[in-house]
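Residue strings, one per chain:
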Amino acid sequence: MYTFFVVLHIISAGVVVGLITNAIIATILRKKVKGTAGELASIRMAAIVSPIMANIGSIGLAVTGVVLTLMSYSFFPFSTLPWLAMMQTDFVVIMAIAGAVLMPNGKKILATVNAELSSPNAANGASDSLRAMVTKQFTWVMVLTVLVLIAITLGESKSLMWVGVQ
């Protein structure tokens with residue numbers, strides 16, 4: 001049973017890594033169609049797909065992480081398993097930023113892009129204010145990318161950090 005949850009945990013982490021990769025590639029491609037209706041379509045697609053992938057990945061990580069912790073470890077064990085405690089703290093920070101910043105901004109971006117798509121100026125691409133919102137969102141995604149890389153590093157390097165190989 002433990003192996004099953006480890007596999008689900010890794011798949012969920014893969015979804016999150018895929019989401020980050022998708023955000024980077026989509027941003028590069030969106031910049032190539034700046035000033036066209038394709039720019040708005042690109043922003044809208046990202047605003048629809050990103051929350052779906054984020055929910056799948058984060059819920060998968062949370063559920064499997066809790067199950068794995070209950071099966072073999074404990075929550076926030078700073079004195080016995082610092083790598084796990086730091087990884088759990090990192091995940092809490094990631095979820096806080098996602099819930100407090102990314103989700104509300106994403107909803108605003110989707111509402112704005114839908115309004116701009118139905119406006120007569122849609123052929124001219126996104127407005128400067130929408131571009132600013134998307135740029136701000138991408139900046140926060142890059143902050144979360146660093147935090148995700150820290151979590152992955154902590155999870156994969158546990159045998160190198162304060163504990164023996166299990």
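Residues numbered from 1 in each chain as written. Predicted model: local features only at pLDDT ≥ 70, side-chain atom pairs only at ≥ 80, totals over all residues. Heavy atoms only, no water.

Engineer: I'd love a proper account of the packing of aromatic side chains, names of residues and values included.
Structural biologist: By the definition in use, this model includes two aromatic pairs. Between the aromatic rings of phenylalanine 4 and phenylalanine 5, the centroid separation amounts to 5.4 Å while the plane-to-plane angle is 80°, which identifies the pairing as edge-to-face. The buried category is assigned to phenylalanine 5, whose relative accessible area is 15%. With 5.8 Å between their ring centres and 90° between their planes, tyrosine 73 and tryptophan 83 make a pair best called edge-to-face. Of the two residues, tyrosine 73 sits in the loop between helix 2 (37-72) and helix 3 (82-117) while tryptophan 83 sits in helix 3, which places them ten residues apart along the sequence. Just as tyrosine 73 is buried, tryptophan 83 falls in that class too. (Phe/Tyr/Trp six-rings, centres within 6.5 Å; stacked < 30°, edge-to-face > 60°. Buried < 20%, exposed > 50% of the residue type's maximum accessible area, 1.4 Å probe, protein only. Helix = DSSP H or I, 4+ residues; strand = E, 2+ residues; numbered from the N terminus.)

Engineer: Which residues make up helix 3, and what values go with them?
Structural biologist: The end-to-end C-alpha distance of helix 3, which contains 36 residues, comes to 49 Å, matching closely the 52 Å that a straight helix rising 1.5 Å per residue would cover. Maximal helix bending in helix 3 amounts to about 40°, located at alanine 98. (Expected span 1.5 Å × (residues − 1). Bend = angle between axes of the 7 residues up to and from the residue.)

Engineer: Can you lay out the nonpolar core for me, pointing to particular residues and giving the numbers?
Structural biologist: Across soluble globular proteins, nonpolar side chains have a tendency to be buried as a group. Counting residues in each nonpolar core, the largest one holds 13 residues, and the members touching the most others are Val16, Ile94, Ile97, Leu102, Leu144, Leu147 and Val148. Elements that contribute at least two residues to this core include exactly helix 1 (2-32), helix 3 and helix 4 (128-156). At five residues, the largest contribution of residues to this core is made by helix 3. Residues within four places of leucine 102 in sequence aside, it is in contact with Ile97, Gln137, Trp140, Val141 and Leu144. Core analysis: the next-biggest nonpolar cluster, separate from the first, contains nine residues, Ile43, Ala47, Ile109 and Leu130 among them. (Core = buried A, V, L, I, M, F, W, Y, C linked by side-chain atoms within 4.5 Å. Contact = heavy atoms within 4.5 Å.)

Engineer: Got a sec to walk through unusual backbone geometry? Specific residues and values, please.
Structural biologist: Unusually for a residue other than glycine, phenylalanine 76 sits at a positive phi of about 50°. Here phenylalanine 76 shows up in the loop between helix 2 and helix 3. Judged by relative accessible area, phenylalanine 76 falls into the partly exposed class, the value being 39%.

Engineer: Give me the pattern of salt bridges: which residues, what numbers.
Structural biologist: Inspection of every chain in the model, using the stated rule, returns two salt bridges. Close ionic contact of glutamate 39 with arginine 131 constitutes a salt bridge, the shortest N to O distance being 2.7 Å. Remark: arginine 131 occurs in helix 4 and glutamate 39 occurs in helix 2; sequence separation between them is 92 residues. A single burial state applies to glutamate 39 and to arginine 131, both of which are buried. Measuring nitrogen to oxygen at the nearest pair gives 3.2 Å for the salt bridge that ties arginine 131 to aspartate 128. With arginine 131 and aspartate 128 both in helix 4 and three residues apart, this pair spans about one turn of that helix. Through salt bridges with shared partners, a single ionic network connects Glu39, Asp128 and Arg131. (Salt bridge = Lys/Arg side-chain N within 4 Å of Asp/Glu carboxyl O.)

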